[in-house]
Every structure is written in C-alpha cells, then in structure tokens.
Amino acid sequence: MDMQEENKVLAEFRVKNYKNFRDELRFSLETGKNYEFNQEAVHNGIIKDSVVVGYNASGKTNLGLAMMDIIVHLTNQKWSRGHSLYYSNLYNRDNIVSFTYKFIFGTHVLEYAYEKEEQEHVVRETVEIDGRKVIVNDIEVCFVNLKGAETLNLDNWDSSISLVKYVYANTVLDKEDKDCLVFLDFINFVNQMVWISSTEGLKSIGTDMSAGNLFEIICNLENGVENLEAFLRESGLTFKLVARDKGEGKTIYCRMGNREVPFAPLMSSGTRSLAFLFLWYMRKKSLSFIFIDEFDAFYHTDLSISVIHKLLVEEQIQVVFTSHNTDIISNELLRPDCYFILEDN
C-alpha cells in the first residue's frame, strides 16, 4: 500500500469543556518514535491502531463520544437522548464546547475546529486546508472559499447548524481543484467513521447499518454465516452454524449433534459481542475510522489480543480500542507509542 498517496487519517483530536473534560484534552496520533517492532501499527508517523486504557469512570466512553461528535455534527446520524444530556462540563459556567480535528489526506493537512452550545447549536467553525482558511462561520464573518461555491445562497442557511454541512449539501464543488478534493476527502472520511459499544446493548453510531436484527443482517451477507463461523473459530470458539428461515425471517441456528437449535440462546455476552464486531469487520472496506468502546468488556485477555491482531492487518482503517484491562499493554501486541493512559478525566 502506497501510504504517501493513500494516507487518509485522523492525526490529532482536541476537546474542551465536553462532559467530564473541563480542561482541554489532546489526543495526538502523531508519533516520531522509530521502534523496530510492530511497525504495522504506524504509517508515515501516524498511529493506525491504538489502545486507551483507564479505570471505570476515567472518561474512556466520553472520549469516544467526543471524537465522534463530528458524525452527528456533519451527518444525519443522531446520538440517543442519554448521550446528549449534560453536553458541557457541569463544573464550568461556560457552556461553549470546543472540538478540533486534524486530518491528513496524502500530502495535505485539513484542520476543522468548531464550537457549540448544546449538541445541535453551532457557535463558530473553521476549515483550514494547508494553513489556508476555506470555510469560516463566525458571528462577525462568514465565507466559503472553495471553487464551485461562488454562487452559494446563504439566505436559506440556518446559522445555528454547520456551514460545512450546508456547503456539502448545496454545492457542486470543482473536482479538479486541490482544495475541493481535500474537502471531499474530509467529508467522505467522516461519513465512514463509526463508534461501537459492546457494553451498551451492542450499539453503534456512524455509517448506516442495513435494517434488521443482527442475525438477519449476517444471514443476508454473502457467505455471512460461514464467515461468522470462521471468525468465531479464529477466536477460539467452535460452533457449526447454519442459516434457516422457519417462517419468521432468516436467523442463525447451531448444529448440536443431530439437532439444530437457535444460536441466540446459546451465546454468552462475549460471543454476542464478537458477532456484533464481526458485522462491522465484514464492512471494513467501507470504513475509515473505528472507535470500539470497552471492546473487551466480555473477553478474557487472550481473546482481547486476538481481536486486536485481526484488525491490525487492516491497513486502510484507523482503530481506537478502549479497555480497563492493563494486561493487554504489551510490546508483543503494539508499540509503546500506541498505548494511552486516561486518568483524572
């Protein structure tokens, strides 16, 4: 893979005054370390696979929600009401929450910063490409400097929502222009980000998932059930699975000797979590960035390591895992610069 041409990554994220992060939190995925082992976890100085470790209530889930705020900010995805509560830090009288993202697309750098009052009320935002401001949405100034947006009518734009989202939805940008191409790479990257939680009822937010329950979706994938069986087997779980439709829609059955029984009642929490992860693993070619919150909540250490190894080989995806299990911190798995400790919010 030619990373110089194809590198499309998140390099740094900063957030301030969001939920438990009263002061600015900086999460940098840029590294200058030159370790001679596990080099596949880093491409061109950007960490591709990382693990954030912290005790319960240290802020791991809120880190993921903060990083993925850009999804609900620029797409039509929505958080559940519970995630929307107490948006700004309760100890701070200032209710302005700020987010800053630094992306690298090939040889170009795009920085996107925005501030909001509450989850859906934008106060200001700025897009810079290679240090040049191309979109500014502020109280005193507002402009778009992208080829193809010259005739954009801002009269119908509600200034409380994202100007970036409005520009993308209401312009045909010049695909021969360098800045426009970088901007479109940025929008595509955000549309391919996903947040996954195995501790909140197997929830996800991000790129749309096909309608239907977990097993129905897997049954409708090409070789879905066979691939799930192989995925579980590689994780040390041996089942003989088959797809069946007995009048109530497709689902997965498990062969037990001469019998076939529904698979769902046989699944442990860990097995169910693995099946959910498998579904997203099968969609890996359409994803740019995955944040997996408490990915190993139901796994033993060896299984946790196996899951990380499986995603390590996927060059085109950045993955952030969170865990409370410090036993997975090992140079045999990742480099030291791929581990982050989150404490004291």
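Predicted model, so just to flag it, every value in this text is computed and none were measured.

Now for the pattern of salt bridges. Close approach of charged atoms allows side chains with opposite charge to pair. Enumeration according to the criterion identifies 17 salt bridges in this entry. The partner of Arg26 in a salt bridge is Glu12, with the nearest N and O atoms 3.1 Å apart. With Arg26 in strand S2 (residues 25-28) and Glu12 in strand S1 (residues 8-16), the pair connects residues that are 14 residues apart, well separated along the chain. A relative accessible area of 54% places Arg26 in the exposed class. Of the charged contacts in the structure, one is a salt bridge between Lys48 and Asp49, with a shortest N-O distance of 2.6 Å. Judged by relative accessible area, which is 4%, Lys48 ranks as buried.

This brings us to the sheet that holds strand S14 (residues 250-256). Note on sheets: strands pair through backbone hydrogen bonds, and any given pair is parallel or antiparallel. If you trace the three strands from one edge of the open sheet to the other, you get S13-S14-S15, paired in antiparallel fashion. The open sheet terminates on both sides in strands that have one partner only, identified here as strand S13 (241-245) and strand S15 (259-262). Across the sheet, the mean angle separating the axes of adjacent strands is 45° when strand polarity is ignored. Two elements, S14 and S15, share four bridges in a ladder whose sense is antiparallel. Each bridged residue has a counterpart across the sheet, and for Arg255 the counterpart in S15 is Glu260. Along the sheet face, helix H8 (residues 224-234) touches S13 and S14 and points at about 150° away from the line of S13.

Together, Leu85, Tyr86 and Leu90 give the surface a local cluster of nonpolar side chains, amounting to about 350 Å² of exposed area. Judged by relative accessible area, Leu85 falls into the partly exposed class, the value being 34%.

Quick notes on the rules
- Residues numbered from 1 in each chain as written.
- Predicted model: local features only at pLDDT ≥ 70, side-chain atom pairs only at ≥ 80, totals over all residues.
- Heavy atoms only, no water.
- Salt bridge = Lys/Arg side-chain N within 4 Å of Asp/Glu carboxyl O.
- Helix = DSSP H or I, 4+ residues; strand = E, 2+ residues; numbered from the N terminus.
- Buried < 20%, exposed > 50% of the residue type's maximum accessible area, 1.4 Å probe, protein only.
- Pairing = 2+ DSSP bridges.
- Axes fitted to C-alpha atoms, helices over the stretch in contact; angles between N-to-C directions.
- Contact = heavy atoms within 4.5 Å.
- Patch = residues over 30% accessible without salt bridge, like charges linked within 9 Å, V, L, I, M, F, W, Y side chains within 5 Å.
- Areas by Shrake-Rupley, 256 points an atom, 1.4 Å probe, with all protein chains shown as cover.

The values are spatial; any link to function lies outside them.
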